[in-house]
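Inside the fold
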Amino acid sequence: MKKILGNLIAACMCGFLLNTPSAGLAQAVWPQQGVPDHQQLRAKVKADGPRLLFSDSPEMVYATGILYRDTLQGEGRLFFHHVNGTSKLKKLAILVKNNGLRPASFTVTRSGIDGPSHDYQAVGKKSQEYYFADEKPHTTTLGFGKTMELLGGQGTLLPPDKLLTGTIDFNSDRPVEVTVLMCEPQSDIELFSVLAQQLPMDEHPLRGTFAKADLNYTLQRPIETETGTGYALLLADSQTGEYLRGIDATTGLPAENYGNYGVVYNVDYKLKGDKPYELWLNPWGGMFAGVGVLEQGGERKLINIPDIPAFGRLGEEGFRIATLEPNSEGRFTWSPPGASNLPIRLFWLPADYKAPHLHD
């Protein structure tokens, strides 16, 4: 998973790209023009939602063992992102165990998992498509000492150099232990979970448990459309202080979620005026491939960002998400995709915005 932070790429931005699915071609704005003129928006931010268990270090797993483990009760979310770095077939598993005397009611409320695959960005994007689709809750009762495995019941076989990634939302009325592990294909997962050693982090300290993994942004003022001004909102940036901080439950040391992977962003906006506007996304940090949800006028729509597999190699591109109705309000929801770069910017631009294009 690449981690390119905002302060490292700010100087790279100098153009815009428009995706045109019907033509099957990428169209790039001339770099000399730069991004559209815009005013920087401010928003009120409220953090709430589930406790996030983040398992991404080691990302390249070179030995069998425990990748992450913590115990929680109530609303939870697990984000995992692991590659089999060995030369042989392994098994990745997520085990939930009730160590308490009383039965625990455990419900998976939403889930998006994809892989194994060598195409890391495609897997990250597809897992989000599954995650943001309609909820299909499933509840299981776990007695004392009982377990359940969340990747098909027996774990997922992971060939060398292939990635498995996903996001799982869940709820438990009693404390349960959640373990992410990699073992041999023939291993008994429950026994391995008891006996295996905790693997150390790699050079990227990306694991931990973080409270309030939903960030809700509300623009401080409506977007005035009559002036024809462009507006932009920066998200998932290293300089804004929004990266979640928590604890690595396996070591007790402080942890920071660089990139806020597994965090769900909800951006609420209002348009004031009769002029139609468009919502765009600019992957300012580099290559990006994800899925978002746009809610407006009582409708909810999943949107591939972009329609092509990925974009943003130079941080110069942009993707037009939708045309927005005048005097309307809506919500755009997204989450940093595994294997994509950050930060991003959302742009609100006049629908008659015209930019010179260069066919790739």
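Residues numbered from 1 in each chain as written. Predicted model: local features only at pLDDT ≥ 70, side-chain atom pairs only at ≥ 80, totals over all residues. Heavy atoms only, no water.

**Some details on the overall build of the protein chain**
The helix and strand tally for the protein chain stands at three helices and 27 strands. Once local pairs closer than 6 in sequence are excluded, the contacts in the protein chain between residues at least 24 apart make up 84%. When the accessible surface of the protein chain is totalled, it reaches about 15600 Å², and 51% of it is carbon and sulfur. (Helix = DSSP H or I, 4+ residues; strand = E, 2+ residues; numbered from the N terminus. Contact = heavy atoms within 4.5 Å. Areas by Shrake-Rupley, 256 points an atom, 1.4 Å probe, with all protein chains shown as cover.)

**Side note on the packing of aromatic side chains**
As enumerated under the stated definition, the model contains 10 aromatic pairs in all. With 4.8 Å between their ring centres and 20° between their planes, Tyr 265 and Trp 334 make a pair best called stacked. Note that Tyr 265 is positioned in strand 20 (residues 264-272) and Trp 334 in strand 25 (residues 329-334), a separation of 69 residues in sequence. The exposure class assigned to Trp 334 is buried, which follows from its relative accessible area of 1%. (Phe/Tyr/Trp six-rings, centres within 6.5 Å; stacked < 30°, edge-to-face > 60°. Buried < 20%, exposed > 50% of the residue type's maximum accessible area, 1.4 Å probe, protein only.)

**Brief notes about empty space enclosed by the protein**
Tallied over the full model, the rule gives two cavities of 30 Å³ or more. Reported here for the largest cavity is a volume of approximately 80 Å³. Lining the largest cavity are Phe 79, Gly 124, Ser 127, Gln 128, Tyr 131, Thr 165, Thr 167, Gly 262, Ser 335, Pro 336, Pro 337 and Gly 338. Of all the secondary structure elements, the ones that give two or more residues to the lining of the largest cavity are helix 2 (120-132) and strand 13 (163-183). Of all the elements, helix 2 adds the most residues to the lining of the largest cavity, at four residues. Looking at the lining of the largest cavity, its residues break down into four nonpolar, eight polar and no charged. (1 Å grid on protein atoms, 1.4 Å probe; cavity = no way out; pocket = protein on both sides within 12 Å on 5 of 7 lines; lining within 4 Å. Points joined across faces, edges and corners; volume = space filled by probe spheres on them. Nonpolar A, V, L, I, M, F, W, Y, C, P; charged D, E, K, R; others polar.)

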